[in-house]
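# Structural description and commentary
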Amino acid sequence: MLSHFFLMVLYAFVVSAFFALLWRRGRREQAKLFLQLFLGMVGGGLLVAYLMYPFPQGPPAPIP
Amino acid sequence: MADTAPDAQPAARPATPVPPAIPARTFAPVGHPVVVAVAAWLIPGLGHVYLRRWQRGLAFFLLVVVSLWVGCQLQGELYRVAPNQPLSLLGTLGAMGMGIPYWLLRYGLGYSGDIVAAGHEYGTAFLLTAGLMNWLLVLDAWDISRGKKE
């Protein structure tokens, strides 16, 4: 449940399904928009993760 | 130096034909928009069910509830107005979009989230997303009720 990747995929799934249902009417158009949004979010997240990979992590954030 | 006199007027452009205005698509109004919007706000998806969009209403309900449930499982923050933190007002308005579940969580179950939980930030995103999604559902139901959407 606490896997970052799993939570990212779950979030992308929920948001993509929501907007596909909200913005499109036909099943085919809904499936197309869902795939575009879902792959865009997951792929974009992975791309940003790889772009940030060279940067050092730094010390852990203090717990307030 | 310019060849033309300073007071010369530019040649008039030929009149371009104006395309005919495309009439906006309208649909038959359904129900009372205010009642539909309030129903949509109180319970996610209820506005669409009221408008006889059964499948979409049920799907929207499930999506908002899943987002809400995951956010609570991760101990995300349920925004409330904090003194000297004006941005918390925006977060509160966004989270309040989920309607009855917000009040149920906040006052009925005393939920507030756990800031030291490992999934706190993710949970906050899920909870806020649930509220914002329902705000969009309210607007969608409002437009359907007024006949501006199908």
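The structure this text deals with has already been given above.
So, here is what we can say about the structure in this document.

Rules and cut-offs
- Residues numbered from 1 in each chain as written.
- Chains lettered and ligands numbered in written order.
- Predicted model: local features only at pLDDT ≥ 70, side-chain atom pairs only at ≥ 80, totals over all residues.
- Core = buried A, V, L, I, M, F, W, Y, C linked by C-beta atoms within 7 Å.
- Buried ≥ 20, exposed ≤ 12 C-beta atoms within 10 Å, placed from the backbone.
- Helix = DSSP H or I, 4+ residues; strand = E, 2+ residues; numbered from the N terminus.
- Contact = placed C-beta atoms within 7 Å.
- Nonpolar A, V, L, I, M, F, W, Y, C, P; charged D, E, K, R; others polar.
- Arc of directions from axis to C-beta.
- Axes fitted to C-alpha atoms, helices over the stretch in contact; angles between N-to-C directions.
- Parallel < 35°, antiparallel > 145°, perpendicular 65-115°, else oblique.
- Left-handed = near helix turned anticlockwise from the far one by under 90°.

## With respect to the nonpolar core
- With 34 residues, the main nonpolar core has Ala 40, Leu 63, Val 64, Ala 95, Leu 127, Ala 130 and Ala 141 of chain B as its most contacted residues.
- Looking at this core, the elements that each hand over two or more residues are helix H1 (4-23) of chain A together with helix H1 (33-42), helix H2 (46-50), helix H3 (54-73), helix H5 (100-108) and helix H6 (120-146) of chain B.
- Counting residues per element, this core draws most heavily on H6 of chain B, at 10 residues.
- Ignoring anything within four residues of it in the chain, the contact list for Ala 141 of chain B reads Val 36, Ala 37, Ala 40, Gly 47, His 48 and Leu 51 of chain B.

## Quick word on the interface of chain A and chain B
- In this assembly, 14 residues from chain A lie in contact with 20 residues from chain B.
- Residue classes in the side of chain A that touches chain B are distributed as 13 nonpolar, no polar and one charged.

## Digging into the environment of Ala 141 of chain B
Residue and element names in this part refer to chain B.
- By secondary structure assignment, the location of Ala 141 is in helix H6.
- Residue Ala 141 is classed as buried on the basis of its 32 C-beta neighbours within 10 Å.
- Along the sequence, Ala 141 and Val 36 sit 105 residues apart, while their C-alpha atoms lie 6.5 Å from each other.

## Considerations on H5 of chain B
All names here are of chain B.
- Taken together, the buried positions of H5 are occupied by Pro 101, Tyr 102 and Leu 105. Along the axis of H5, the buried residues cluster in a sector spanning 105°; they form a single face. Facing away from the buried side of H5 by more than 90 degrees, the exposed set consists of Trp 103, Leu 104, Tyr 107 and Gly 108.
- Those residues of H5 that are buried are in contact with H3, helix H4 (87-96) and H6.
- Gly 110, located one to two residues past H5, shows a positive phi value of around 65°.

## Quick look at the packing of H1 of chain A against H3 of chain B
- Where H1 of chain A meets H3 of chain B, the closest approach of the two axes is 10 Å, and the angle between their N-to-C directions is 155°. Relative to H3 of chain B, the element H1 of chain A lies roughly antiparallel. Handedness of the crossing formed by H1 of chain A with H3 of chain B: left-handed. Contacts from Leu 10, Val 14, Ala 17, Phe 18 and Leu 21 of chain A in H1 of chain A reach Arg 56, Ala 59, Phe 60, Leu 63, Val 66, Ser 67 and Val 70 of chain B in H3 of chain B.
- Of the residues in the contact of H1 of chain A with H3 of chain B, the class split is 10 nonpolar, one polar and one charged.

## A look at unusual backbone geometry
All names here are of chain B.
- Look at Arg 52: it is not a glycine, yet its phi comes out positive at around 65°.
- Looking at the element boundaries, Arg 52 is found in the loop between H2 and H3.
- A residue is classified by how many C-beta atoms lie within 10 Å of it, and Arg 52, with 11 of them, is exposed.
- Residues other than glycine seldom take positive phi values, yet Gln 75 does so here, at roughly 60°.
- Structurally, Gln 75 is set in the loop between H3 and H4.
- Take Gln 75: there are 20 C-beta atoms within 10 Å of it, and that puts it in the buried class.

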